Amino acid sequence: MSTFAEVFGTEPDGAWRAPGRVNLIGEHTDYNDGLVLPIALPNRIAVSASAREDGVVAVSSNGQEGVVEFTLDSLQPGSVPDWAAYPAGAAWVLREAGYGIGGANLLFDSDLPSGAGLSSSAALLCASAVALLGLRGIEVDPAEVARLAQRAENQYVGAPVGLMDQMASMCCTEGHALYFDIRAMTTDQIPFAPADDDLTLLVIDVKAPHRHVDGEYAARRRSCEQAAAALGVPALRSIELDQLDDALARLDDDVDRRRVRHVVTEIRRVEDAVALMRAGRLREVGPLFTASHASLRDDFEITVPELDVAVDTALAAGALGARMTGGGFGGCIIALVEAAAAEQVFAAIEKAFAEHGFRAPTSLAADPSAGASRVR
Ligand code: GAF
């Protein structure tokens, strides 16, 4: 691991961090103006940074070879490829928004597995943005930084993602899940401390290779937007659960019908989960996780065998509920389990994976952590 001084020949002016997330419930609802409930992870992308005055941004990462340099003035969507597209996208969006960020040297370090559906892309964008702003002492509301990071991912990187991951990375607080209403743009911090109820939230990376993720994500989003247009509503959030049957009857396409059913029922599951958590009835959230998984598997069709086997095995081994989390097609599952049963549930999944010839799964600590901040 190289030090900042070794890479850039100067000491950093400061250091910042932005975490990854797991979403408790509310999957593929964000771009439908819906509700989500993520927690930030202790795992984060850290960045040390120094200001420079020549309009050049130089980025390096402890996981990657060399230094990538670009001038702020020359940035255009897509102009910087690979991992450096994310810090470049952050610099581009801040320039477009009129912030005087000058130039910078940025050295990244991550303990957030990439490709595990834990939103390392959003964390990289948010870490870049808070460092570039922080170096100049520019204060921007965290939710606005999240919106800018989403715009960078949509327009600079070209991924049509919603706003959940960036909001989680910017606005989560320790010990809480972030209840985020995308239509209203309001947030509420919901206390989330499974250990107080003798429970554990297992987060298990199923190590499935991602397959056609980008195209599939865009296709799901298109289906939802098409269906909303056909139903004459601005977004699927406008369809209440008691209007679902009527809405489904008005759609011709069977695939679109199933996508709509997932989104509308999932939004209700988020409301139900939050009501139970507020009432101190966390155990009862388990079945909502399981129903969410079934909906993502059968109606939204974004699970893969590794995710389904992990969920089924967790449930058979006594989990109160389990579901895939994140964009799908790989990534992680979460399982709500009695603390005393956590080891046995994970061991059962390891065994089932070995029997299926899948790669060995790994588990992560799921302590609800704070959003992005300056650390030095
Ligand atoms: C990915 C996207 F980036 C989020 O915006 C969200 O849509 C999620 O998939 C699914 O809930 O993480």
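Procedures and definitions
Residues numbered from 1 in each chain as written. Predicted model: local features only at pLDDT ≥ 70, side-chain atom pairs only at ≥ 80, totals over all residues. Helix = DSSP H or I, 4+ residues; strand = E, 2+ residues; numbered from the N terminus. Expected span 1.5 Å × (residues − 1). Contact = placed C-beta atoms within 7 Å. Core = buried A, V, L, I, M, F, W, Y, C linked by C-beta atoms within 7 Å. Buried ≥ 20, exposed ≤ 12 C-beta atoms within 10 Å, placed from the backbone. Domains from an automatic or database assignment. Pairing = 2+ DSSP bridges. Axes fitted to C-alpha atoms, helices over the stretch in contact; angles between N-to-C directions. Left-handed = near helix turned anticlockwise from the far one by under 90°. Nonpolar A, V, L, I, M, F, W, Y, C, P; charged D, E, K, R; others polar. UniProt positions renumbered as here; feature names shortened; annotations may be inferred. Parallel < 35°, antiparallel > 145°, perpendicular 65-115°, else oblique.

### Some details on helix α11 (residues 342-356)
Now for step 1: Here α11 contains 15 residues, and its C-alpha end-to-end distance of 21 Å stays within 8% of the 21 Å for a straight helix at 1.5 Å per residue.
Now for step 2: On its buried face, α11 is in contact with β9 (199-205), α10 (305-316), β11 (332-338) and β12 (362-364).
Now for step 3: Positive phi shows up at Gly357, right after α11, with a value of about 75°.

### So, the nonpolar core
The tendency in soluble globular proteins is for nonpolar side chains to be buried side by side.
Now for step 1: Residues Cys126, Ala127, Ile333 and Ile334 are the most contacted members of the largest nonpolar core, which totals 122 residues.
Now for step 2: In terms of residues, this core owes the most to one element, helix α3 (residues 120-135), which gives 11 residues.
Now for step 3: For this core, the two domains that each supply at least three residues are domain 1 (4-191 + 370-374) and domain 2 (194-364).
Now for step 4: Not counting residues up to four positions away in its chain, the partners in contact with Cys126 are Ala18, Val145, Ala149, Gln166, Ser169, Met170 and Ala372.

### Notes on the domain arrangement of the chain
Now for step 1: Domain annotation of the chain identifies domain 1 (4-191 + 370-374) and domain 2 (194-364).
Now for step 2: Just the C-alpha atoms count here: the centres of domain 1 and domain 2 sit 25 Å apart.
Now for step 3: Taken residue by residue, the interface counts 27 residues in domain 1 and 36 residues in domain 2.
Now for step 4: Elements supplying a minimum of two residues to the side of domain 1 that touches domain 2: β1 (14-23), β2 (35-36) and β3 (38-52).

### Section: the pairing of strand β7 (residues 176-181)
Now for step 1: Both β2 and β7 contribute to a ladder of 2 bridges, which runs antiparallel. Residue Val36 lies in a different strand from β7, and its bridge partner there is Phe180.
Now for step 2: Of the strand pairs in this sheet, β7 and strand β8 (residues 186-191) are connected by 6 bridges, and their pairing is antiparallel. Its bridge partner lying in β8, Asp181 is registered against Thr186.

### Quick notes on the sheet that holds β7
Now for step 1: If you walk across this open sheet you meet the 3 strands as β2-β7-β8, and the pairing is antiparallel. In the strand order of this sheet, the two ends are held by β2 and β8, each with one partner.
Now for step 2: Sheet strands in contact with helix α5 (residues 164-171) are β2, β7 and β8, and its direction is about 135° off that of β7.

### Remarks on unusual backbone geometry
Now for step 1: Phi at Asp33 is positive, roughly 60°, even though this residue is not glycine.
Now for step 2: Residue classification places Asp33 among the buried residues on the basis of 22 C-beta atoms within 10 Å.
Now for step 3: In the Ramachandran plot, Ser119 falls in the positive-phi region, its phi being about 60° despite a non-glycine side chain.
Now for step 4: Note that Ser119 resides in the loop between β6 (103-110) and α3.

### Details of the sheet that holds strand β10 (residues 321-325)
Now for step 1: Spatial ordering of the open sheet is given by β10-β11-β9-β12, a layout of 4 strands whose pairing is antiparallel. Two strands bound the open sheet, and with one partner strand each, they are β10 and β12. Here the average twist between neighbouring strands, direction ignored, is 30°.
Now for step 2: Two strands pair when backbone bridges link them, and β9 and β12 are joined in this way by 3 bridges, in the antiparallel orientation. Within the sheet, the bridge partner assigned to Asp205 lies in β12 and is Thr362.
Now for step 3: Lying on the sheet, α11 is in contact with β9, β11 and β12; it crosses β9 at an angle near 20°.

### A closer look at the packing of helix α4 (residues 142-157) against α5
Now for step 1: Relative orientation of the contacting elements α4 and α5 amounts to 145°, with a least axis distance of 8 Å. The way α4 lies across α5 gives a crossing that is right-handed. Contact residues: α4 offers Pro142, Ala143, Val145, Ala146, Ala149 and Gln150, while α5 offers Gln166, Met167, Met170 and Cys171.
Now for step 2: Grouping the constituent residues of the contact of α4 with α5 by class yields 8 nonpolar, 2 polar and no charged.

### Observations regarding the UniProt feature "domain: GHMP kinase N-terminal" (unreviewed entry) in the chain
Now for step 1: Taken from the UniProt record, the annotation "domain: GHMP kinase N-terminal" (unreviewed entry) applies to residues 86-171.
Now for step 2: When the span residues 86-171 is considered, its composition is 59% helix and 9% strand, and the gap between its end C-alpha atoms is 20 Å.

### So, the UniProt feature "domain: Galactokinase N-terminal" (unreviewed entry) in the chain
Now for step 1: Here, UniProt's "domain: Galactokinase N-terminal" (unreviewed entry) annotation points to residues 3-50.
Now for step 2: Counted over residues 3-50, helix gives 10% and strand 52%. Its end C-alpha atoms are 13 Å apart.

### Quick word on the pairing of β10
Now for step 1: In terms of residue burial, β10 counts as a mostly covered element, since 5 of its 5 residues are buried.
Now for step 2: With 5 bridges joining them, β10 and β11 adopt antiparallel strand pairing. Residue pairing for β11: Ala322 is matched across the bridge by Ala335.
Now for step 3: Counting the residues that bridge the hairpin from β10 to β11 gives 6 residues, and of these Gly326 lies at a positive phi of roughly 100°.

### Describing α3
Note that an α-helix has 3.6 residues per turn; residues three or four places apart therefore point the same way.
Now for step 1: With 16 residues, α3 extends 22 Å from end C-alpha to end C-alpha; this agrees with the ideal 22 Å at 1.5 Å per step.
Now for step 2: Counted residue by residue, α3 has 15 buried out of 16 residues, so it is predominantly covered.
Now for step 3: Just downstream of α3 lies Gly137, where phi reads positive at about 65°.

### Here we look at the packing of α3 against α4
Now for step 1: Orientation of α3 relative to α4, taken along the N-to-C sense of each, is 120°, at an axis distance of 9 Å. When the axes of α3 and α4 are compared, the pair comes out oblique. Handedness of the α3/α4 crossing: right-handed. Contacts between α3 and α4 involve Ser121, Ala122, Leu125, Cys126, Ala129 and Val130 from the first element and Val145, Leu148, Ala149, Ala152 and Glu153 from the second.

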